[in-house]
Amino acid sequence: MIVDCAHYLDGARQAEETLAPLDAARLCTENGFVWLGLFEPTPEEMESVREAFDLHELAVEDAQDYHLRPKVEDFDASVKLVILRTARYDDAREEVDFGEISVFVAKNFVITVRQGVASELHQARTRLEQKPELLELGTDAVLWAILDQVVDGYEPVVAGLEHDIEQIEGTVFSGAVAPTERIYLLRREVTNFYRAAHPLLAVVTSVGKSLGEERLAPYLRDVYDRLQLVNEEVSAQRDLLGTILQANIAVVSVQQAHSAARQSSTIERLTVLSTIFLPLTFVTGFFGQNFSWLVDNIGGPWKFLIFGVCGLFVPLIALRLWLRRKESMPANPLGAAD
């Protein structure tokens, strides 16, 4: 889909209406330059643009595919293809939405092919049209405006990631457990964003070396400086999330150790109670039997009391003496012979 197509001459747009690609291609032979903007074009639309502007078929294929890294390609002496990755942070999903912009740059035309919702360029065109002193510098100024817009879009992504990382960091270092899956997924988003931002440094450097207009050099350096800051912050975020993930695992281990200690204490109490009631269970079971000796020899309450008390307390006293003996025995050193 053609979003906009305009002819620029002497730092001003020549007509408000959108030009057809063939009409724009004819204007490329005159003074000024043409900026054609496409959004997710169909193969038929890209083929008509390729024929109108005599683009290399491999460059057109590149513009229709998604790439993992930004890059600069010189398919011939007159046309340069610059591929950029755009980013936008969705705070609700804690995910980075990526887009792509392929920029064909020649002396008399610029063609931008946008893929994905995070690749909006209207603001870049409007801002450049409001600066005729830059617009009259030609297609290099358009490439600078696009790079500036892409890097501007990176900064809110860094801020959104930083906000969520601070939330997780505060949870973990307060002694609570943060969801490990959330930390892992957030680190994955930071890594993907790093793969989009870091290679762009080489792209901006390459564009700066081939810059035909020296008056744009300070503006391009500003883009490079801001991009370098983004790159450093994303690198630090990736390392910090790795540290937070390790700290969270340590917190989980500590809480599991506390839980195991509580379970061990509970089991110990239950064991003591079971041991205490074991003699009583024996006595009640013994006297609950109906055999002749028991019936003939326990004929009164005193005999029942003597047998019952002895049967209950003698095992308890023996158990107590055995436990005290175990407590007074020295521990066997590690590795010592028994």
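Residues numbered from 1 in each chain as written. Predicted model: local features only at pLDDT ≥ 70, side-chain atom pairs only at ≥ 80, totals over all residues. Heavy atoms only, no water.

If you check an unreviewed UniProt entry, the protein appears there as Magnesium and cobalt transport protein CorA from Tsukamurella asaccharolytica. Taken verbatim from the UniProt record of the protein, the Subcellular location (unreviewed entry) comment is "Cell membrane". Check the Sequence similarities (unreviewed entry) section of the UniProt entry for the protein; it says "Belongs to the CorA metal ion transporter (MIT) (TC 1.A.35) family." (UniProt positions renumbered as here; feature names shortened; annotations may be inferred.)

### A closer look at the nonpolar core
L128, L147, Y154, F193 and L200 are the most contacted members of the largest nonpolar core, which has 59 residues in total. Tallying contributions element by element places helix 6 (residues 139–172) first for this core, with 16 residues. Formed by 23 residues, the second largest nonpolar core is a distinct cluster that contains C5, L36, L55 and I83. (Core = buried A, V, L, I, M, F, W, Y, C linked by side-chain atoms within 4.5 Å. Buried < 20%, exposed > 50% of the residue type's maximum accessible area, 1.4 Å probe, protein only. Helix = DSSP H or I, 4+ residues; strand = E, 2+ residues; numbered from the N terminus.)

### Considerations on the pattern of salt bridges
Applying the stated rule across the entire model yields 18 salt bridges. The partner of D23 in a salt bridge is R26, with the nearest N and O atoms 2.2 Å apart. Of this pair, D23 and R26 both sit in helix 1 (residues 21–27), separated by three residues, roughly a single helical turn. Residue R26 is classed as exposed on the basis of its relative accessible area, which comes to 52%. Within this structure, R127, D148, D152, E155, D222 and R226 form a network of salt bridges that share partners. (Salt bridge = Lys/Arg side-chain N within 4 Å of Asp/Glu carboxyl O.)

### As for unusual backbone geometry
For E40, which is not a glycine, the phi torsion comes out positive at approximately 45 degrees. Topologically, E40 is positioned in the loop between strand 3 (33–39) and helix 2 (43–53). Note on E40: relative accessible area 38%, which makes it partly exposed. Positive phi, close to 55 degrees, is recorded for E94, a residue that is not glycine. By secondary structure assignment, the location of E94 is in the loop between strand 5 (80–90) and strand 6 (95–105). We classify E94 as buried; its relative accessible area is 19%.

### Some remarks on the packing of helix 4 (residues 122–129) against helix 6
At a minimum axis distance of 9 Å, the contact between helix 4 and helix 6 shows a crossing angle of 130 degrees. Viewed along their axes, helix 4 and helix 6 adopt a mutual orientation that is oblique. When the axes of helix 4 and helix 6 are compared, the crossing they make is right-handed. Residue-level contacts link Q123, A124, R127 and L128 of helix 4 to A141, V142, W144, A145, D148, Q149 and D152 of helix 6. Grouping the constituent residues of the contact of helix 4 with helix 6 by class yields six nonpolar, two polar and three charged. (Axes fitted to C-alpha atoms, helices over the stretch in contact; angles between N-to-C directions. Parallel < 35°, antiparallel > 145°, perpendicular 65-115°, else oblique. Left-handed = near helix turned anticlockwise from the far one by under 90°. Contact = heavy atoms within 4.5 Å. Nonpolar A, V, L, I, M, F, W, Y, C, P; charged D, E, K, R; others polar.)

### Describing the sheet that holds strand 3
Within a beta sheet, neighbouring strands are joined by backbone hydrogen bonds and run either parallel or antiparallel to one another. Strand order in the open sheet formed by seven strands is 2-1-3-7-6-5-4, and the pairing between neighbours is mixed. In the strand order of this sheet, the two ends are held by strand 2 (12–13) and strand 4 (71–74), each with one partner. Where strand 4 and strand 5 come together, four bridges link them in antiparallel fashion. Paired with K71 across the bridge in strand 5 is I83. Contacts from helix 3 (residues 57–64) reach strand 4, strand 5, strand 6 and strand 7 (109–115) within the one sheet, and its direction differs from that of strand 6 by about 160 degrees. (Pairing = 2+ DSSP bridges.)

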